[in-house]
Protein chains: 4
Amino acid sequence: MGNKTKEKILRTLDKGEESDKLSKGFDTFIMALILLNVAAVIIETVESIHVRYGDFFDYFEVFSVVVFSIEYLVRLWACTAIEKYKHPVWGRLKYIVSVEAIIDLLAIVPFYLPFLLNHADGRIIRILRLLRLFRLFKLGRYSMAFGLVTNVIKKRKEELVVTLTLLVILLIFASTLMYYIENEPEREGFQSIPETMWWGVATLTTVGYGDVYPITPLGKLLGAIIAVLGVGLFALPAGIIAAGFESELSGRKKKKKDKDE
Amino acid sequence: MGNKTKEKILRTLDKGEESDKLSKGFDTFIMALILLNVAAVIIETVESIHVRYGDFFDYFEVFSVVVFSIEYLVRLWACTAIEKYKHPVWGRLKYIVSVEAIIDLLAIVPFYLPFLLNHADGRIIRILRLLRLFRLFKLGRYSMAFGLVTNVIKKRKEELVVTLTLLVILLIFASTLMYYIENEPEREGFQSIPETMWWGVATLTTVGYGDVYPITPLGKLLGAIIAVLGVGLFALPAGIIAAGFESELSGRKKKKKDKDE
Amino acid sequence: MGNKTKEKILRTLDKGEESDKLSKGFDTFIMALILLNVAAVIIETVESIHVRYGDFFDYFEVFSVVVFSIEYLVRLWACTAIEKYKHPVWGRLKYIVSVEAIIDLLAIVPFYLPFLLNHADGRIIRILRLLRLFRLFKLGRYSMAFGLVTNVIKKRKEELVVTLTLLVILLIFASTLMYYIENEPEREGFQSIPETMWWGVATLTTVGYGDVYPITPLGKLLGAIIAVLGVGLFALPAGIIAAGFESELSGRKKKKKDKDE
Amino acid sequence: MGNKTKEKILRTLDKGEESDKLSKGFDTFIMALILLNVAAVIIETVESIHVRYGDFFDYFEVFSVVVFSIEYLVRLWACTAIEKYKHPVWGRLKYIVSVEAIIDLLAIVPFYLPFLLNHADGRIIRILRLLRLFRLFKLGRYSMAFGLVTNVIKKRKEELVVTLTLLVILLIFASTLMYYIENEPEREGFQSIPETMWWGVATLTTVGYGDVYPITPLGKLLGAIIAVLGVGLFALPAGIIAAGFESELSGRKKKKKDKDE
């Protein structure tokens, strides 16, 4: 088959234009399959459901892997139609190590791996099940939400590094001080600085589970000061990401508008 | 009666100009009645008050439904004075299915329904009581707060969809990871991924009730990282809504100013 | 004594220019006295301190009231030097009902009242003690922080009213729904809608004490949705106040700069 | 040795240009040593690790102090090459009291002090161990994160003072009111106003550990109002710091860009 056929197949597999009914239909099918897969991973962990519908989940898993495998192979076969993957061997190898292809591979490998391993113990199988969730990233082809995050993080990298540095420094100082004040034998949660950091994170992010909190007057005084000061600093990354997000989105909107005109 | 009478009646029922004393007075009466109704729904659930003043609440309910029913019928009769509901039959049917009329109907239907049903069990009656709260939406005619929210959500739809998608993805990954780490027999709160999501929401929104939290060192480490990273992302929708809200309100202020000049 | 003396006395009592040493010194004395008074109100509630230093706190209270009383009387006597309080009788009456004078009066009245009442029971005396805290507002004469808040609230009144309306509506709906779902006999915290509102506020403000939280799966699902949606809305007033605050402060800075040039 | 040698040594010790391989290598070595020191302070508080690797931590401590001491002495010897520390005696004394040199001294003094003291009890030794964490500030020479915070706080000093004043006032009023409402014999957490402030901080920062919360209906009502109102105000410093941070960072970016052109 010629490159024209391959190009057409790739266009059908990728996100389609509104006018291309076949491509649109295929997109919808794959997206629905991905979402159902994610839902299946989540729901089948409920014991009562797993007991009752376990077989159904297994069938669905086989069906999904078959579809995703065919998709992977077709893409691998057709990729030579793209200029940069032109060479029948090196081009394909180059495609295999592209981010896109790795995500596609990660979506199917967890299914095949246990067959290849002689002794796959329960722990590895559990981790492989977890990997099935990476199918979600296949959505990256269809949804701009994924690319957006990457872009925002790239553009605000400097700010984020500085604030995360500050957060870590604040966390270290807060936790160290609190450890020296609250550390008493038999006093759970403040037995070491790493342990005290759990309190630190819960306080500075204002989550405040309430499993550990200072009980001495001095510890409470320090905890109050840390909470007031720290809360301001821990709100910083949120503000930075929000600002980057807004400017990124408004930039895209403008671009789209310019294009439409 | 002619269209002029109908128009005058509608003007009286709707939000009136400052100069129209009668319309203003009627507005105040209906708004007070709505607020008292909402207060009644809330207060009568207090056992001690219900026991003592139950009859009073029943009388007030009958009175309110009578007023709202008359309002509904008068509006239905008079709506033909409006251009788009002109036809005596089709116009009225068209009016009945308008958002405004449905809200008005929902405000009275829960009262009549039990008389129409032969066997209305306790559960249905409880749900019908709940529906009484929809009377609050009748305020939409008088307060701009309701329209504002709708507008903001419409204009920032794209941003909100993207961020909510991100939130859900983050929630799924955080909960799945935590489930794999913290899931132990007899360990409440982490028995399945959906169950673990309750922890996820409580952590990422920083509510942190403290009914479930990780106890293993690895779980705490992951929980800390999720809290720090996630808190930034979960603050995004707040920022987007706030920005949309501000621009919407300042836009209205400007419009009003331009009008006044 | 003439108006010149009165004017000079008032200038000394009020916030002084840098050059006026006497006025500056008096300001510092009054501000220190106010802050010490507030500290005294707070600290003397600690049982062990009250037992040991009770007498000292009593002496300090008498001393403070004497100073504040003299200040009040001197101001009342001298106020006729100000144009709008010119009349010896009506001017002074007008001064007495000014916000400034009422704050000054509230600072001393709680001390004298028990002498005027025949039967002052413990409860009234406790409330009178509480009123001593209003001395803090006397600081309003010297610190711009107080005026700032009033200004911001005034300028952003419309936005704040709209958002508070939305918050209350959201709170009512969230609490009503949760009450219908979680209400079971013997289930504390969800016995009535007003009681459930305590859960609602704790969740929507993300305080999350953890004294009440949903336990049914449906309640948790609803609680999670409310937390995600509501948190965005409850962050709104904070954003509005922050924006108003910023513009107010930058406005003042600019004004000051223009003045200096 | 001449000033040229001294200058070269100082250049090597300080943050180096990309081209200066020796200086770059030395920077990396010192930064790694500082970070490892901080890690050691944190990790060695874990009992099980301390028991097993205690000797290793001691050797590492000795090694670090030797390096930092040599660095300190070399800097002290070479500082005369800098114009303002030119004088061999007064210049060096001036250098010793500079912020930079004090931080360097604080990094080594906690090691030597116990040898100088005759009776160093456990408490002092613990505090000296805590001081080892100040080595983190030595990073200030290499990372701009430290300077940034200082700058932001300086530029927004006025706003921060005003908001912190407001926060303290709100905290005092909230805690005083709550104390008068919730104070009952045997009711822990509300026995005095300072004690109640712990509840106040936990609520207003939305940490909400859940160790103390109002239980009377009036207390809950007040607590709800305080939470709603206060949360907005406590978010202010975060907003101010975030805004200052953003403008500071974008200012630096612009400066860098201008320089590059």
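Residues numbered from 1 in each chain as written. Chains lettered and ligands numbered in written order. Predicted model: local features only at pLDDT ≥ 70, side-chain atom pairs only at ≥ 80, totals over all residues. Heavy atoms only, no water.

## Here's the deal with the relation of the copies chain A and chain D
For the pair of chain copies, the relating transformation is a rotation about an axis with a translation along it. The following threshold applies: Superposing the copies works by least squares over the C-alpha atoms of residues that have pLDDT at least 70 in both of them.
Superposing chain A onto chain D requires a rotation of 90° together with a translation of 0.0 Å along the rotation axis, leaving an RMSD of 0.1 Å. A rotation of that kind, with that shift, is consistent with a four-fold axis.

## Quick look at the interface of chain A and chain D
Keep this limit in mind: The contact criterion used is simple: two residues touch if any of their non-hydrogen atoms lie within 4.5 Å. Values labelled buried area give the accessible surface lost by two parts on being combined, using a 1.4 Å probe and summing over both. In the sections that follow, a salt bridge refers to a side-chain nitrogen of Lys or Arg positioned within 4 Å of a carboxyl oxygen of Asp or Glu. The term polar contact refers here to a pair of N or O atoms within 3.5 Å; inside protein, the definition further demands a hydrogen-donor-capable atom paired with an acceptor-capable atom, and it admits residues adjacent in sequence only when both atoms are side-chain atoms. Helix and strand definitions here come from DSSP, where helices need a minimum of 4 consecutive H or I residues and strands a minimum of 2 consecutive E residues; each element is numbered from the N-terminal end. Amino acids outside the nonpolar list (Ala, Val, Leu, Ile, Met, Phe, Trp, Tyr, Cys, Pro) and the charged list (Asp, Glu, Lys, Arg) are all regarded as polar, and Gly is one of them.
With 42 residues of chain A at the interface, the matching set in chain D holds 34 residues. With both chains or domains summed, chain A and chain D bury close to 3300 Å², and 75% of this area falls on carbon and sulfur atoms. Remark: the boundary between chain A and chain D carries 0 salt bridges. Across the contact surface, chain A and chain D share 4 residue pairs in polar contact (both at pLDDT 80 or more). Going through the elements one at a time, helix H8 (157–182), helix H9 (193–204), helix H10 (217–234) and helix H11 (236–260) of chain A are the ones with two or more residues in the side of chain A that touches chain D. Broken down by element, the residue count for the side of chain A that touches chain D peaks at 13 residues, all from H8 of chain A. Residue classes in the side of chain A that touches chain D are distributed as 25 nonpolar, 12 polar and 5 charged.

## Looking at the confidence of the model for chain A
All names here are of chain A. For clarity, the threshold we go by: Across the chain, each position has a pLDDT score giving the predictor's confidence in that residue, from 0 to 100.
In this model, chain A carries a mean pLDDT of 85, and residues with pLDDT of at least 70 account for 97%. The lowest-confidence element of chain A is H11, averaging 74 in pLDDT; the highest-confidence one is H9, averaging 93. Among the scores for the predicted complex, ipTM is 0.86 and pTM is 0.88.

## A closer look at the packing of H8 of chain A against helix H7 (residues 144–155) of chain D
Helix packing for two helices is described by the angle between their axes and how far apart those axes are. Filter applied, for reference: Here an angle of 0 to 180 degrees is reported between the N-to-C directions of two axes, which are lines fitted to C-alpha atoms, with helices fitted over the stretch in contact. We call two directions roughly parallel when the angle between them is under 35 degrees, roughly antiparallel when it is over 145, roughly perpendicular when it lies between 65 and 115, and oblique otherwise.
Two elements in contact, H8 of chain A and H7 of chain D, have axes whose closest approach is 9 Å; the angle formed by their N-to-C orientations is 85°. Considering their axes alone, H8 of chain A and H7 of chain D lie roughly perpendicular with respect to each other. Residue-level contacts link Glu 158, Val 162, Thr 165, Leu 166 and Ile 169 of chain A of H8 of chain A to Met 144, Ala 145, Phe 146, Leu 148 and Val 149 of chain D of H7 of chain D. Residue composition of the contact of H8 of chain A with H7 of chain D, by class: 8 nonpolar, 1 polar and 1 charged.

## Overview of the environment of Phe 29 of chain C
Residue and element names in this part refer to chain C. For clarity, the threshold we go by: Only protein chains enter the accessibility calculation, which uses a 1.4 Å probe; a residue is then buried when its area is under 20% of its type maximum, exposed when over 50%, and partly exposed in between.
As for its position among the elements, Phe 29 is in helix H2 (residues 21–43). On the basis of relative accessibility, which here comes to 37%, the residue Phe 29 falls in the partly exposed class. For the pair Phe 29 and Val 65, spaced 36 residues apart in sequence, the C-alpha to C-alpha distance is 14 Å. Filtering out sequence-adjacent residues up to four positions away, Phe 29 remains in contact with Phe 63 and Val 67.

## Considerations on the packing of aromatic side chains
Note the following rule: Side-chain rings of Phe, Tyr and Trp (the six-membered ring for Trp) are treated as a pair once their centres are within 6.5 Å; stacked means planes under 30 degrees apart, edge-to-face means over 60, and tilted covers the remaining angles. In this scheme, the term charge over a ring applies when either NZ of a lysine or CZ of an arginine sits within 6 Å of the ring centre and within 35 degrees of the ring normal.
Here the structure, examined in full by the defined rule, presents 44 aromatic pairs over all chains. With a centroid separation of 5.6 Å and an interplanar angle of 35°, the aromatic rings of Phe 134 of chain B and Phe 137 of chain B are classed as tilted. Both rings, one in Trp 198 of chain C and one in Tyr 209 of chain C, keep their centres 5.7 Å apart while their planes meet at 20°; by these two values the pair is stacked. Linking Trp 198 of chain C in helix H9 (residues 193–204) with Tyr 209 of chain C in the loop between H9 and helix H10 (217–234), this pair joins segments that are 11 residues apart in sequence. Residue Trp 198 of chain C is classed as buried on the basis of its relative accessible area, which comes to 6%. In this structure Tyr 209 of chain C comes out as buried when scored by relative accessible area, which is 4%. Among the aromatic residues, those joined into a ring-pair cluster are Phe 134 and Phe 137 of chain A together with Phe 173 of chain B. Taking NZ or CZ as reference, Lys 6 of chain C lies 5.4 Å from the ring centre of Trp 77 of chain C, over its face.

## Some remarks on the domain arrangement of chain A
For clarity, the threshold we go by: These domain boundaries are the output of an automatic or database domain assignment.
For chain A, the domain assignment lists domain 1 (3–142) and domain 2 (157–260). Relative to domain 2 of chain A, the C-alpha centre of domain 1 of chain A lies at a distance of 37 Å.

## Thoughts on the interface of chain B and chain A
On the chain A side, the residues contacting the 42 residues of chain B number 34 residues. Summed over both sides, the interface between chain B and chain A buries roughly 3300 Å², with carbon and sulfur atoms accounting for 75% of that surface. Applying the counting rule to chain B against chain A returns 0 salt bridges. In this assembly, chain B and chain A are joined by 4 residue pairs in polar contact (both at pLDDT 80 or more). Those elements that provide at least two residues to the side of chain B that touches chain A are helix H8 (157–182), helix H9 (193–204), helix H10 (217–234) and helix H11 (236–260) of chain B. Examining the composition of the side of chain B that touches chain A, we find that 13 residues originate from one element, H8 of chain B, more than from any other. Residues of the side of chain B that touches chain A, tallied by class, amount to 25 nonpolar, 12 polar and 5 charged.

## Quick look at the pattern of salt bridges
Residue and element names in this part refer to chain D. What the rule picks out here adds up to 36 salt bridges over all chains. Residue Arg 75 is joined to Glu 71 by a salt bridge in which the shortest nitrogen-to-oxygen separation is 3.1 Å. Here Arg 75 pairs with Glu 71, and both are found in helix H3 (residues 47–78), just 4 residues apart, close to one helical turn. Put simply, Asp 104 and Lys 138 hold a salt bridge, and the shortest N to O gap is 3.1 Å. Separated by 34 residues along the polypeptide, Asp 104 in helix H5 (residues 99–116) and Lys 138 in the loop between helix H6 (122–131) and H7 bring together distant segments of the chain.

## As for the nonpolar core
Counted only if it meets this: As used here, the term nonpolar core means buried Ala, Val, Leu, Ile, Met, Phe, Trp, Tyr and Cys residues forming a set that is joined through side-chain atoms within 4.5 Å.
The biggest cluster of nonpolar side chains holds 248 residues, and the ones touching the most others in it are Phe 245 of chain A, Phe 245 of chain B, Phe 245 of chain C together with Phe 245 of chain D. Those residues in contact with Phe 245 of chain D, other than ones at most four positions away along the chain, are Val 162, Thr 163, Leu 166, Leu 236 and Ile 240 of chain A together with Leu 148 and Val 152 of chain D.

## Quick word on H2 of chain C
To keep it simple, the criterion reads: One less than the number of residues in a helix, times 1.5 Å, gives the span that helix is expected to have.
Across its 23 residues, H2 of chain C extends 32 Å between first and last C-alpha, which sits within 8% of the 33 Å expected from 1.5 Å per residue. Ser 23, Asp 27, Ile 30, Leu 33, Ile 34, Asn 37, Val 38, Ala 40, Val 41 and Ile 42 of chain C are the residues of H2 of chain C that are buried. Taken together, the buried residues of H2 of chain C touch helix H1 (3–13) and helix H3 (47–78) of chain C together with helix H8 (157–182) and helix H9 (193–204) of chain D.

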